[in-house]
Amino acid sequence: MNFTRWSARLPGTQRRAAARTDELVTEDRLSDGAVPAARAEQLTVPVPAVDELPVREVLDRVPALVALVHGPDHRLAYVNDAYVVAFGLRPTGEPARRALPELDEIGLLPLLDQVLRSGKPRTVKSRKAPDGRSYTFTCTPVTEGHDGGGSGVLVFATDVTDHAEAAERLRASERRQRETAVTLQRSLLPQELEEPDDLRIAATYLPGGTEAAVGGDWYDVITLGGGRTALVIGDVMGRGVRAAAVMGQLRTAVRAYARLDLPPHEILQLLDGLAMEIDANQIATCAYAIHDPNEGKLVYASAGHLPILVRDESGVVLRADEPTGPPLGTGGWMHSSGSIPLGPGSTAVLYTDGLVERRDEDLDEGIAALERALAGATGTPQVICDRLVRSAGVTAEHDDDVAVMVLQHPAHTGPDGDLFRNAALELLGGVEAAPRARAFASGVLTSWRFPVELHDLGVLAVSELVANSLQHGTPPMRLRLRRTDRRLIVEVTDGDDHLPRRRRAEAGDESGRGIAIVATIASNWGSRRTPGGGKAVWCEFVLPKG
């Protein structure tokens, strides 16, 4: 093989050679009387065109690896010294599959076929070769001689090992940071969801794919006492450890504020102020809802979050309407509460935007698709949760975090229905109210077949709460008894919004012992203001097992 007959005709090579020749001619003409004699003498030194340079000598001295192959089976015509140093001597005249096994090992031979067929150069970046180093390979078509006969490919490999190792260190660092953020995120989410008596709940959190930094999605379930449950879902904007840390602070604050048993919009108002204190540049969306089994609905408020979806017992899916305020951390907005039915047999879904938002789709289309998936989803909350995630096309490579919470209000029928009962009595003022309430409670608890000790404690609690309401409250007054499979709940409501507090009664005091007695005999007690004015005072007793 006569190497000098080959010329690597890279795009623009001949144009640059011609331009260089024209430049020399122009400068030579300008030197005639226009430049000093020394300069003119310098310009008379002959400079060869690119095509006239000794190609073998040039390629042998470049630090990059160079190989020249020709023909349909890519027979080796030449390798430079750098190539020999890297991979050893290579037999010329042999097909590349035998002569250049290292190129075959890294999958470069199909690329040579493409270059030969298309006549266009191709490049593959940072391939690790058998010598342990990384190279970027550029394959360029060449022609033999000026008549265009005989086609070949020039393989030019640049050592990019340092860059590849630096990139790998960066990727490893990013992986560690992401793992730290995911670990932090998961540790800040509830490890086990609280299990309310009247709801069945499941939740799923999926971090974004390996190329996406973890976000600040979160959810929570908080039992408020008296049979009521708070449900929360939120999304901190931004990614990484900072977003996860802010999420943890907001979730902790929600749990603390929930103990105040305030309406949802007041909880969001408190969170809004806290979010501004944590980081004025970090905003978050949040939906906070309260379920009361006696009311058969979700009372909720939303700070820029996606609407809650509810499928009723007949399979019809409802979307929670406004009100929706701006995200947390914006300040200056008065949130308000709304409600959506959630009766027995209903299923509700709370979710973050990673489940429904796609780059190539409108957000409403994603929510509509979720509605259709929910309409056909049956089974336990966990089964529905998994089905909704699958129907949304969420995979391990998804580019955003996803949090989904599914809750069901079971319709208790058959033997199970005897474990969930309600009874209520309107209280009219006067001396007869307290005895009538005690008699009513005694009859109900007897019909519910409670043991004698629990029956007597329940009647005593009713007596004290009713007496407290008659003395300090205003009409309308109401007594409500509720049993679940786990507890007995006693609740008295009236029209006065002054909340009672437990205090120590002195020996000579004639009043002030009622709440103290209730707090002593009951498993738990509390009070809250009711919508439209007034208050509810409740206590509960854990049922004996078996």
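Everything numeric in this text was worked out from a predicted model, so none of it was measured.

Conventions used here
- Positions within a chain are numbered from 1, following the residues in the order the chain's sequence is written.
- Totals for whole chains, interfaces and linings use all residues, but because this is a predicted model, local features are given only for residues with pLDDT of at least 70 and pairs of side-chain atoms are given and counted only at 80 or more.
- To obtain the side-chain values, all non-hydrogen atoms of the structure were included, while hydrogens and water were left out.
- To qualify as a helix, a DSSP run of H or I must reach at least 4 residues; to qualify as a strand, a run of E must reach at least 2; elements of each kind are numbered from the N terminus.
- To sort residues, take the accessible area from a 1.4 Å probe on protein chains only and compare it with the maximum for the residue type: under 20% means buried, over 50% means exposed, and anything in between is partly exposed.
- What makes two residues a contact is simply this: any of their non-hydrogen atoms within 4.5 Å.
- In this description, accessible areas are obtained by the Shrake-Rupley approach with a 1.4 Å probe, and a residue is regarded as covered only by the protein chains that are shown.
- We count a salt bridge whenever a side-chain nitrogen from Lys or Arg sits within 4 Å of a carboxyl oxygen from Asp or Glu.
- The length a helix should cover is 1.5 Å for every residue beyond the first.
- Pairing between two strands is assigned when DSSP locates at least 2 bridges connecting them.
- Fitted lines through C-alpha atoms serve as axes, helices being fitted only where they are in contact, and the angles separating the N-to-C directions of these axes extend from 0 to 180 degrees.
- The scheme is simple: roughly parallel for angles under 35 degrees, roughly antiparallel for over 145, roughly perpendicular for 65 to 115, oblique for anything else.
- Crossing handedness follows the turn of the near helix against the far one: under a right angle anticlockwise gives a left-handed crossing, and clockwise gives a right-handed one.
- For this classification, the nonpolar set comprises Ala, Val, Leu, Ile, Met, Phe, Trp, Tyr, Cys and Pro, the charged set comprises Asp, Glu, Lys and Arg, and every other residue, Gly included, is treated as polar.
- pLDDT expresses how confident the predictor is about each individual residue, on a scale running from 0 to 100.
- Here is the rule: rings of Phe, Tyr and Trp (six-membered ring for Trp) pair when centre to centre is within 6.5 Å. Planes less than 30 degrees apart are stacked, more than 60 are edge-to-face, and the remainder are tilted.
- Any residue with an atom within 4 Å of a point lines the site, the site being either a cavity, points on a 1 Å grid over the protein atoms alone where a 1.4 Å probe fits but cannot get out, or a pocket, an open set with protein on both sides within 12 Å along at least 5 of 7 lines.
- Grid points are joined across faces, edges and corners, and a volume is the space filled by probe spheres set on the points.
- Only residues whose relative accessible area exceeds 30% and that take part in no salt bridge are eligible for patches, with like-charged residues grouped when within 9 Å of each other and nonpolar side chains (Val, Leu, Ile, Met, Phe, Trp, Tyr) grouped when within 5 Å.
- Only four residue types enter the tally: Lys and Arg on the positive side, Asp and Glu on the negative side, with His and both chain ends excluded.
- All charge positions are set by atom: Lys at NZ, Arg at CZ, Asp at CG, Glu at CD.
- Joining through side-chain atoms within 4.5 Å is the link that ties buried Ala, Val, Leu, Ile, Met, Phe, Trp, Tyr and Cys residues into a set, and such a set is a nonpolar core.

J.: An account of the overall build of the protein is requested, with residue identities and associated values reported.
T.: Within the protein one finds 15 helices and 22 strands. The buried share of the protein, taken over its 546 residues, is 46%. Put simply, of all contacts in the protein between residues at least 6 apart along the chain, 63% involve residues at least 24 apart. Summed over all atoms, the accessible surface of the protein reaches about 27400 Å², with 52% contributed by carbon and sulfur.

J.: Before we move on, can you summarise the pattern of salt bridges with the specific residues and values?
T.: Counted according to the given criterion, the structure contains 23 salt bridges. Taking the shortest distance from any N to any O, the salt bridge between Arg480 and Glu491 comes out at 2.5 Å. Of this pair, Arg480 sits in strand β19 (residues 477–483) while Glu491 sits in strand β20 (residues 487–494), placing them eleven residues apart in sequence. For the residue pair Arg480 and Glu491, the accessibility class agrees, reading buried in each case. The residue Glu491 makes a salt bridge to Arg528 at a minimum N-O spacing of 3.1 Å. Of this pair, Glu491 sits in strand β20 while Arg528 is found in strand β21 (residues 524–529), placing the two residues 37 residues apart along the sequence.

J.: A description of unusual backbone geometry should follow, citing residues and the corresponding values.
T.: In this model, Pro475 is joined to Pro476 through a cis peptide bond whose omega is 0°. Residue Ser126 is not a glycine yet carries a positive backbone phi of 50°. Among the secondary structure elements, Ser126 is positioned in strand β4 (residues 122–128). Despite not being glycine, Arg449 shows a phi value in the positive range, around 60°. Structurally, Arg449 is set in the loop between α13 (433–447) and α14 (452–472). What makes Arg449 exposed here is its relative accessible area of 75%.

J.: Describe helix α10 (residues 264–278), with residues and values.
T.: Between its first and last C-alpha atoms α10 spans 21 Å; for 15 residues at 1.5 Å apiece the expected length is 21 Å, and the two agree. In this structure, the buried residues of α10 make contact with α9 (241–258), β10 (284–292) and β11 (297–303).

J.: Describe the sheet that holds strand β13 (residues 317–319), listing the residues and the values that go with them.
T.: Reading across the sheet, the five strands line up as β7-β17-β16-β12-β13 and stay open at both edges, with antiparallel pairing between neighbours. With partners counted over all chains shown, the strands left at the sheet margins are β7 (200–206) and β13, one partner each. In this sheet, neighbouring strand axes are inclined to one another by 15° on average, regardless of whether the strands run parallel or antiparallel. For β7 and strand β17 (residues 402–409), the ladder comprises seven bridges, and the chain directions are antiparallel. When the bridges of β17 are listed, Tyr205 appears paired with Ala403. Of the strands in this sheet, β7, β12 (309–311), β16 (346–351) and β17 touch helix α12 (residues 381–391), which is tilted by about 35° from β7.

J.: Quick rundown of the packing of α14 against helix α15 (residues 514–521)? Include the residues and the values.
T.: Contact geometry of α14 with α15 gives a least axis separation of 9 Å together with a crossing angle of 155°. When the interaxial angle is binned, α14 and α15 end up roughly antiparallel. Considering the relative orientation of α14 and α15, their crossing is left-handed. On α15, the residues that touch Leu457, Leu460, Ala461, Glu464, Leu465 and Asn468 of α14 are Gly514, Ile515, Ile517, Val518 and Ile521. The residue makeup of the contact of α14 with α15, split by class, is eight nonpolar, two polar and one charged.

J.: An account of the confidence of the model for the protein is requested, with residue identities and associated values reported.
T.: Of all residues in the protein, 84% attain a pLDDT of 70 or more, and the chain-wide mean is 84. In this model residues 1–43 is a low-confidence stretch, pLDDT under 50, and it forms 47 contacts with partners more than four residues away in sequence or in other chains.

J.: Give me the packing of aromatic side chains: which residues, what numbers.
T.: Under the definition given, this model contains four aromatic pairs. Where Phe87 meets Tyr135, the ring centres are 6.4 Å apart and the plane angle is 50°; that geometry is what we call tilted. Here Phe87 is found in helix α4 (residues 81–87), whereas its partner Tyr135 is found in strand β5 (residues 134–144), with 48 residues between them in sequence. For Phe87, a relative accessible area of 14% puts it in the buried group. Taking the relative accessible area as the measure of exposure, Tyr135 reaches 3% and is therefore buried. Ring geometry for Tyr135 and Phe137: centres 6.0 Å apart, planes at 55°, overall tilted. On the basis of relative accessible area, Phe137 is assigned to the buried category, the value being 3%.

J.: Can you explain the sheet that holds β19? Please cite residues and give values.
T.: Read from one edge of the open sheet, five strands run β18-β19-β20-β22-β21, paired in antiparallel fashion. For this open sheet the edge positions go to β18 (421–427) and β21, each flanked by a neighbour on one side alone. Ignoring which end each strand starts from, the neighbouring axes of this sheet average 15° apart. Those strands touched by α13 are β18, β19 and β20, and its axis lies near 170° from that of β18.

J.: Outline the layout of surface pockets, supporting the account with residue identities and numerical values.
T.: In this structure, the largest pocket occupies an estimated 620 Å³ of space. Surrounding the largest pocket, 26 residues form its lining, Arg228, Arg528, Arg529, Thr530 and Pro531 being those nearest its centre. Taken together, the elements giving at least two residues each to the lining of the largest pocket come down to α10, β10, β11, β19, β20 and β21. Here the residues of the lining of the largest pocket sort into nine nonpolar, five polar and twelve charged.

J.: Explain a negative patch on the surface to me, and be specific about the residues and the numbers.
T.: Taken together, the side chains of Asp360, Glu361, Asp362, Asp364 and Glu365 define an acidic patch exposed on the protein surface. With respect to the helices and strands, Glu361 occurs in the loop between β16 and α11 (363–375).

J.: So what about the nonpolar core? Which residues, and what values?
T.: Ranked by size, the top nonpolar core spans 50 residues in total, and within it Trp218, Leu250, Leu271 and Tyr288 carry the most contacts. The leading source of residues in this core is α9, at eight residues. Among the nonpolar cores identified, the runner-up in size contains 28 residues, and Ala437, Leu465, Cys539 and Phe541 belong to it.

J.: So what about the packing of α9 against α10? Which residues, and what values?
T.: Packed helices, taken two at a time, are described by their axes: the angle between them and the distance between them. Between α9 and α10, the least distance of the axes is 10 Å, while the angle of their chain directions is 145°. For the element pair α9 and α10, the recorded crossing hand is right-handed. Judged by residue contacts, Arg242, Val246, Gln249, Leu250, Ala253, Val254, Tyr257 and Ala258 of α9 engage Ile267, Leu270, Leu271, Leu274, Ala275 and Ile278 from α10. Each residue belonging to the contact of α9 with α10 can be placed in one class, and the counts come to twelve nonpolar, one polar and one charged.

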